[in-house]
Amino acid sequence: MTGPLHARRLLGHGGDIDGYETRGGATDDGRSVGLAVTALPGTFGDATKGALAVMRSVDTAFCE
C-alpha cells in the first residue's frame with residue numbers, strides 16, 4: 001500500500017486471514033501506524049464500505 005496522507009507518503013502493506021485483517025505502514029521519517037481488525041470487510045454489511053472504513057481509520061490514526 002502506498003498513498004499520500006496529508007502531504008506524506010505511507011509505505012506498507014496489509015494482510016487478511018479468516019476473521020482478521022491488518023493494515024498499516026511507515027513514513028521515510030519513521031512515523032508508523034498499524035491497525036488490526038477482527039472481522040473482514042463485508043462481515044457486517046457492504047464489503048467496499050467496510051474496506052474504506054479500515055483505510056480511513058489508518059489515515060485518521062496517522063494524521064491526528
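Here, the structure is the one placed above.
The model shown is predicted, which means the values in this text are computed figures rather than measured ones.

K.L.:
It is not clear to me how the pattern of salt bridges should be interpreted in this structure. Could you clarify?
P.N.:
Working definition: two side chains of opposite charge can pair if their charged atoms are close together. Tallying each qualifying case throughout the model produces two salt bridges. Note that D16 and R23 form a salt bridge whose closest N and O atoms lie 3.5 Å from each other. The class for D16 is exposed, based on a relative accessible area of 51%. Residue classification places R23 among the buried residues on the basis of a relative accessible area of 18%.

K.L.:
For this particular structure, what's the right way to read the pairing of strand β4 (residues 20–26)?
P.N.:
The side chains of a regular strand alternate, residue by residue, between the two faces of the sheet. As paired elements, strand β3 (residues 15–17) and β4 share three bridges and run antiparallel to each other. Within β4, the position partnered with G15 by the bridge is T22. Where β3 folds back on β4, the antiparallel hairpin that results is connected by two residues, among which G19 adopts a positive phi of roughly 85 degrees. Relative to strand β5 (residues 32–37), β4 runs antiparallel, the two sharing six bridges. Residue pairing for β5: R23 is matched across the bridge by L35.

Parameters and conventions
Residues numbered from 1 in each chain as written. Predicted model: local features only at pLDDT ≥ 70, side-chain atom pairs only at ≥ 80, totals over all residues. Heavy atoms only, no water. Salt bridge = Lys/Arg side-chain N within 4 Å of Asp/Glu carboxyl O. Buried < 20%, exposed > 50% of the residue type's maximum accessible area, 1.4 Å probe, protein only. Pairing = 2+ DSSP bridges. Helix = DSSP H or I, 4+ residues; strand = E, 2+ residues; numbered from the N terminus.

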